[in-house]
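Observations on the model geometry
Chain by chain, the residues run as shown.
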Amino acid sequence: MNTQFLLSALKVKQIYGTVPKEVIAIEQDSRQAVSGCLFICTTGFTFDGHDFYKEALENGASIIVSERNLDMDFEKSALVIVSDTKKAMAILANRFFNYPSTKMTTFGVTGTNGKTTVTNLIYSMLREEKIQAGLSGTNGITINDELKSTENTTCDTITNQRMLKSALNNGISHMIMEVSSHGIAQGRLNGIDFDIVTFTNLSHDHLDFHGTMEQYGYTKGILFAQLGNDLTKNKYIVLNYDDPWFETYKNISAHEVISYGLQEQSDFYANKIIFHEDFTEFTLHTPEGSYCAKMRLLGTFNIYNAMAAIASLYASGSSVERLVTILQSISPISGRLEKLDINAPVTLYLDYAHTPNAIESSIQAVLPFKTNRLIYLAGTGGDRDDEKRPLMAEKASTADFVILTINDPRYENTENILRNMEKGMQHNNYVLIADRKEAITYAIEISEPGDILIIAGKGQENYQIIENTKQPYSDTRIIKEVSYRKFKKSKPTLNKNS
Ligand SMILES: CC(=O)N[C@H]1[C@@H](OP(=O)(O)OP(=O)(O)OC[C@H]2O[C@@H](n3ccc(=O)[nH]c3=O)[C@H](O)[C@@H]2O)O[C@H](CO)[C@@H](O)[C@@H]1O[C@H](C)C(=O)N[C@@H](C)C(=O)N[C@H](CCC(=O)O)C(=O)O
Ligand SMILES: Nc1ncnc2c1ncn2[C@@H]1O[C@H](COP(=O)(O)OP(=O)(O)OP(=O)(O)O)[C@@H](O)[C@H]1O
């Protein structure tokens, strides 16, 4: 791209040296810098990108964008000083990739729980309609059904713009993005022209980062504000009417609100709910009429997720009747209260619950089928929100027996994590087992015919974070091996992803 044109998007404070005619790439990570690229220095939580400009130059960067003067040879490369490199990064990335989000229907889904489920439902429904759709979130980026893993649920600004551009080049017309509160707070979404933003719910999580629930809620609200005030475009906010943040969020943007919930006041509401062991039935009332809905997803929380997805697609112009038909055929989302086929006299669910509210929701979902004991394995991560730990154990206490363990220890002392969680236990039927594999083995070993087991915390993730490295790890693999040993009924079917 022509450098003058690119830089004219900014109020530049000072330019040292002569800028080259063209910029061939933009990068914020010196390790990714390539010949002829523009490197932007941003200050992070761990490093200051300004400390890496020399590495970027060695890798061939021809322009450095910085907040301060740097010791450089201006004969060889140029230095552009701006007041806020994070803001500049989004402005430059959007211009460099030519504003791809403005050329697609772009969905953003945020909330404490349910983002992956709702985004996957929207994606699957669109794919079922043969619409070219892309998806980004906790499981990575999927373009044309091809999955690429990513570091974050919500990628950094430049990766986002590159992804959107690549999606556009691949013919994608609808992009669905999981939006984390970290992503919003760090401006990773700046410049993304969302058409529909959807809110699932807000409950205790990530307070190590946000400090208070108010700050956490405020941060989520920024996404709704970012829909803007330009009413020449039809944009929508899809909100959970039953969440206490509904009233706050509904007034944040000038755009129309579409609400969903279990109360008649919502635009989309569900009643006459019948829970079956393998599916759920309910009547869905919508602005287009009432329908008998059926889905293979379980629990009241998934009725909320299904309504969030349907209401979001209704906002983008889909027919509700058609969406209700498609919903029936959608498979449960991998690792989200997913019933695993282990050919045993117990029922075992793999779940990703790692917040107090999610644990409560997953337990509520299986209670209608409980005939014997409910055994719940709850895990949490090290070096993250420690306030939620006792609250998680408190919610898990609804189960008859609880195993407290760890998801990703990182650098934290495992004893410390478990003792923290233990404080919330409401009865004495529990054990603390730091090693997750041992904990899962224990849960299955003590199970008896008729028991329900929920193995929560990691879902289908294929790693465990120990110190700062991701070690290969899989709950599914352990579950299948141990249950085969215990029940010896069928050989476990393991594929390379399990
Ligand atoms: C705490 C946090 O959110 N950190 C995120 C942040 O990293 P950071 O601020 O620490 O960046 P840094 O490592 O200090 O680097 C600063 C700058 O120096 C540059 N640098 C750094 C090193 C080097 O050698 N060369 C170099 O140029 C970096 O590219 C960067 O531009 O910005 C990075 C780029 O956007 C993110 O990848 C990183 O996510 C880390 C890995 C992370 O674990 N984040 C979690 C908390 C997170 O964001 N989670 C949410 C999901 C939460 C949920 O819902 O469960 C998510 O969206 O993933
Ligand atoms: N709408 C909901 N309300 C409450 N709990 C939910 C809801 N949807 C999902 N859950 C619970 O949260 C877990 C994680 O679901 P999901 O992955 O869809 O959420 P998420 O917001 O993407 O999570 P994360 O941000 O951690 O990736 C599920 O396994 C389930 O236990």
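Calculation rules
Residues numbered from 1 in each chain as written. Chains lettered and ligands numbered in written order. Predicted model: local features only at pLDDT ≥ 70, side-chain atom pairs only at ≥ 80, totals over all residues. Heavy atoms only, no water. Axes fitted to C-alpha atoms, helices over the stretch in contact; angles between N-to-C directions. Helix = DSSP H or I, 4+ residues; strand = E, 2+ residues; numbered from the N terminus. Parallel < 35°, antiparallel > 145°, perpendicular 65-115°, else oblique. Contact = heavy atoms within 4.5 Å. Nonpolar A, V, L, I, M, F, W, Y, C, P; charged D, E, K, R; others polar. UniProt positions renumbered as here; feature names shortened; annotations may be inferred. Near = heavy atom within 4 Å. Areas by Shrake-Rupley, 256 points an atom, 1.4 Å probe, with all protein chains shown as cover. Buried < 20%, exposed > 50% of the residue type's maximum accessible area, 1.4 Å probe, protein only. Pairing = 2+ DSSP bridges. Polar contact = N/O pair within 3.5 Å; in protein donor to acceptor, adjacent residues only side chain to side chain. Core = buried A, V, L, I, M, F, W, Y, C linked by side-chain atoms within 4.5 Å. Salt bridge = Lys/Arg side-chain N within 4 Å of Asp/Glu carboxyl O.

Our focus in this paragraph is the packing of helix 4 (residues 115–128) against helix 11 (residues 320–329). One way to put it is that helix 4 packs onto helix 11 with a least axis distance of 10 Å and a crossing angle of 105°. Put simply, helix 4 runs roughly perpendicular to helix 11. Residues L121, M125 and E128 of helix 4 form the contact with helix 11, whose participating residues are R322, L323, I326 and L327. Considering only residue class, the contact of helix 4 with helix 11 consists of five nonpolar, no polar and two charged.

With that settled, consider the UniProt feature "domain: Mur ligase central" (unreviewed entry) in the chain. Here the UniProt feature "domain: Mur ligase central" (unreviewed entry) sits at residues 109–312. Measuring from the first to the last C-alpha atom of residues 109–312 gives 9 Å, for a span that is 33% helix and 27% strand.

This next bit is on the site of ligand 2. Ligand 2 sits among 19 residues. The nearest are K115, T116, T117, R336 and D351. Contact with the protein chains removes 94% of the 630 Å² of surface that ligand 2 exposes when unbound. Listing elements by their share of the shell around ligand 2, those giving two or more residues are helix 4, helix 10 (300–315) and helix 12 (356–366). Per-class residue counts for the shell around ligand 2 are four nonpolar, 11 polar and four charged.

As a further point, take the UniProt feature "modified residue: N6-carboxylysine" (unreviewed entry) in the chain. The residues that UniProt annotates with the feature "modified residue: N6-carboxylysine" (unreviewed entry) are K220. By secondary structure assignment, the location of K220 is in helix 8 (residues 213–225). Judged by its relative accessible area of 1%, K220 falls in the buried class. The contacts of K220, once residues within four sequence positions are left out, are T110, G111, T112, V179, S180, S181, I184, L202 and Y249.

The next subject is the sheet that holds strand 4 (residues 63–66). Read from one edge of the open sheet, five strands run 1-5-4-3-2, paired in mixed fashion. In the strand order of this sheet, the two ends are held by strand 1 (14–16) and strand 2 (25–27), each with one partner. The average undirected angle you get between the axes of adjacent strands in this sheet is 20°. The pairing of strand 1 with strand 5 (residues 78–81) spans three bridges and is antiparallel. Bridged to Q14 within strand 5 is I81.

Moving on to the site of ligand 1. Taken together, 24 residues sit near ligand 1, with Q28, S30, F47, N152 and S180 positioned nearest. Within the contact set of ligand 1, an oxygen atom lies 2.5 Å away from a side-chain nitrogen or oxygen of Q28. Contact distances for ligand 1 include 2.8 Å between an oxygen atom and a backbone N or O atom of S30. In isolation ligand 1 offers 1100 Å² of accessible surface; the protein chains occlude 78% of this area. Looking at side-chain class alone, the shell around ligand 1 contains four nonpolar, 13 polar and seven charged residues.

Next up on the list: the side chain of S136. Position of S136 among the secondary structure elements: in strand 7 (residues 133–137). Residue S136 is classed as buried on the basis of its relative accessible area of 3%.

Now for the nonpolar core. I122, M125, I176, F282, I310 and L327 are the most contacted members of the largest nonpolar core, which totals 41 residues. Here the element with the most residues in this core is helix 10; it accounts for 10 residues. Sequence-distant contacts of F282, that is, excluding residues within four places in its chain, are made with A270, N271, K272, I273, Y291, C292, A293, M295, I303 and L327. By size, the runner-up hydrophobic cluster in this structure holds 28 residues, among which are L202, L223, W245 and Y249.

Another aspect to go through is helix 14 (residues 414–422). Restricting attention to buried positions, one finds in helix 14 the residues I417, L418, N420, M421 and E422. On its buried face, helix 14 sits against strand 19 (374–380), helix 13 (388–396), strand 20 (401–406) and strand 21 (430–432). Measuring from the backbone nitrogen of E415 back to the side-chain oxygen at the start of helix 14 gives 3.0 Å, which picks out N413 as the cap.

Further remarks concern the environment of K115. On the secondary structure map, K115 appears in helix 4. For the pair K115 and N305, spaced 190 residues apart in sequence, the C-alpha separation works out to 8.4 Å. In this structure K115 touches V109, T110, E178, V179 and T200, once residues within four positions along its chain are discounted. Among the polar contacts listed, one links the side chain of K115 to the backbone oxygen of G111, at a separation of 2.8 Å.

The tally for this structure, following the rule as stated, stands at 21 salt bridges. Measuring nitrogen to oxygen at the nearest pair gives 2.8 Å for the salt bridge that ties R419 to E422. In this pair, R419 and E422 are both assigned in helix 14, three residues apart and thus about one turn of the helix distant. Among the salt bridges present, the one from R436 reaches D475, with a minimum N-O distance of 2.7 Å. With a gap of 39 residues between them, R436 in helix 15 (residues 436–445) and D475 in helix 16 (residues 475–487) connect regions that are remote in the sequence.

Within a beta sheet, neighbouring strands are joined by backbone hydrogen bonds and run either parallel or antiparallel to one another. Spatially, six strands are ordered 17-18-22-19-20-21 in an open sheet, and the strand pairing comes out mixed. In this open sheet, the two edge strands, each paired with only one partner strand, are strand 17 (338–340) and strand 21. For this sheet, the mean angle separating the axes of adjacent strands, direction not counted, is 20°. The strands touched by helix 14 are strand 19, strand 20 and strand 21; relative to strand 20, the strand with the most contacts, the crossing angle is about 145°.

Residue alternation in strand 5 divides its side chains into two sets, A78 and V80 and L79 and I81, and both sets are buried. In this structure, strand 4 lies alongside strand 5, joined through four bridges in parallel fashion. Across the sheet, V65 pairs through a bridge with V80, a residue of strand 5.

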